[in-house]
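Understanding the architecture of this molecule
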Amino acid sequence: MVMVVVMALRKVGYLSLDQSYLVKLAKLLGAFVVVDLYFFGCDLLTEAFPGGSGAEVVAMLTAGPLVPYFWTEVVGCALCAVICFTPALRTNALLVAGSLLAILGIFCKRVQLLVGGFQIANLDYAGPLTPMQHTAFDSGLSGIYGGTVYWPTPLEFGVTLGVVALGALVFLLGIKFLPLRPKGEEAPSR
């Protein structure tokens, strides 16, 4: 996100920054993305270990209901790393595209963690549940709640919107009050 904002500020003339700093940011982003993919691969390998209990999680990610998020993360982050580590591909447009792919990949990872965590019941009987409380009690909690999918509530959407709005406010106040331009230049007319 920092790279996208810096390039946007350079484009409109608010910030004068040498391209070498963007190359350093790109290399740093590439390193972070590769490390993230490495740890993700380690998680998958650990879960899919023969005789382990995580094979259903790996199947859910790689071929089940979360497959679009899984492959978007893997392919997007791999493309981002290729863009960041290949000097010929480090144009401003491709660096912005790579940064946005990394953001999309991390969003997909968060969706996999949140939604995936609700897809597999970890506890069969988490509390005192009796046949009088639910009509599908015969099959346990997996029969009762197995088909449910998590979706954020309006309150959660509101909190998310508030956090994004606060970030936008801080950014706009920073552009207005921080001395980002060299002293001899004037602010653009509005």
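What you see is a predicted model; the values in this text were computed from it and never measured.

So, about the nonpolar core. Core analysis: the largest hydrophobic core is formed by 14 residues, its most contacted members being M3, L29, V33, C80 and L95. Counting only elements with at least two residues in this core, the list comes to α1 (2–12), α2 (19–47), α4 (67–85) and α5 (92–117). The element best represented in this core is α4, accounting for 5 residues. Those residues within four positions of L95 in sequence are excluded, and the remaining contacts are M3, M7, Q19, A26, I83 and R90. In terms of nonpolar packing, the next biggest core, distinct from the first, is built from 9 residues, F40, L44, F70 and V115 among them.

Now for the environment of V57. By secondary structure assignment, the location of V57 is in helix α3 (residues 55–62). Here V57 falls in the partly exposed class, since its relative accessible area comes to 24%. Note: C-alpha distance between V57 and G116 (59 residues apart in sequence) is 8.0 Å.

As a further point, take the packing of α2 against α4. For any two helices packed against each other, one specifies the crossing angle of their axes together with the interaxial distance. Viewed as axis vectors pointing N to C, α2 and α4 meet at an angle of 145°, and their least axial separation amounts to 8 Å. Taken as a pair, α2 and α4 cross one another with a handedness that is left-handed. Contacts between α2 and α4 involve A26, K27, L29, G30, A31, V33, V34, D36, L37, F40 and L44 from the first element and F70, E73, V74, C77, A78, C80, A81, C84 and F85 from the second. For the contact of α2 with α4, the residue count by class is 16 nonpolar, 1 polar and 3 charged.

With that settled, the discussion passes to the confidence of the model for the protein chain. Overall, the predicted model of the protein chain reaches an average pLDDT of 82, with 77% of residues at or above 70. When mean pLDDT is taken per element in the protein chain, α4 scores highest with 94 and helix α6 (residues 140–145) scores lowest with 60.

By convention here, two paired aromatic rings are described through the distance between centres and the angle between planes. For the structure shown, the criterion picks out 3 aromatic pairs. Note on F40 and F70: the rings are 5.6 Å apart at their centroids and 45° apart in plane angle, and the pair reads as tilted. With F40 in helix α2 and F70 in helix α4, this pair connects stretches of sequence that are 30 residues apart. F70 carries the same exposure label as F40, and that label is buried. Between F70 and W71, the aromatic rings sit 4.7 Å apart at their centres with planes inclined by 85°, giving edge-to-face as the arrangement.

Let us now look at the side chain of Q112. With respect to the helices, strands and loops of the structure, Q112 is situated in helix α5. Discounting chain neighbours no more than four positions away, the residues touching Q112 are F40, L61, L66, Y69, F70, E73 and G117.

Secondary-structure assignment places D18 in the loop between α1 and α2. A distance of 2.7 Å separates a polar atom in the side chain of D18 from a polar atom in the side chain of S20.

Our focus in this paragraph is the packing of α1 against α5. Relative orientation of the contacting elements α1 and α5 amounts to 145°, with a least axis distance of 9 Å. For the pair α1 and α5, the sense of crossing is left-handed. Counted together, M3, V4, M7 and R10 of α1 and N92, L95, V96, S99 and L100 of α5 form the full contact between these two elements. For the contact of α1 with α5, the residue count by class is 6 nonpolar, 2 polar and 1 charged.

The subject of this paragraph is the environment of A26. By the element assignment, A26 lies in helix α2. Taking the C-alpha atoms as reference, A26 lies 8.0 Å from R90; in sequence the two are 64 residues apart. If sequence neighbours within four positions are ignored, A26 has contacts with M3, C84, R90 and L95.

Reading the values: rules and limits
- Residues numbered from 1 in each chain as written.
- Predicted model: local features only at pLDDT ≥ 70, side-chain atom pairs only at ≥ 80, totals over all residues.
- Heavy atoms only, no water.
- Core = buried A, V, L, I, M, F, W, Y, C linked by side-chain atoms within 4.5 Å.
- Buried < 20%, exposed > 50% of the residue type's maximum accessible area, 1.4 Å probe, protein only.
- Helix = DSSP H or I, 4+ residues; strand = E, 2+ residues; numbered from the N terminus.
- Contact = heavy atoms within 4.5 Å.
- Axes fitted to C-alpha atoms, helices over the stretch in contact; angles between N-to-C directions.
- Left-handed = near helix turned anticlockwise from the far one by under 90°.
- Nonpolar A, V, L, I, M, F, W, Y, C, P; charged D, E, K, R; others polar.
- pLDDT = per-residue confidence, 0-100.
- Phe/Tyr/Trp six-rings, centres within 6.5 Å; stacked < 30°, edge-to-face > 60°.
- Polar contact = N/O pair within 3.5 Å; in protein donor to acceptor, adjacent residues only side chain to side chain.

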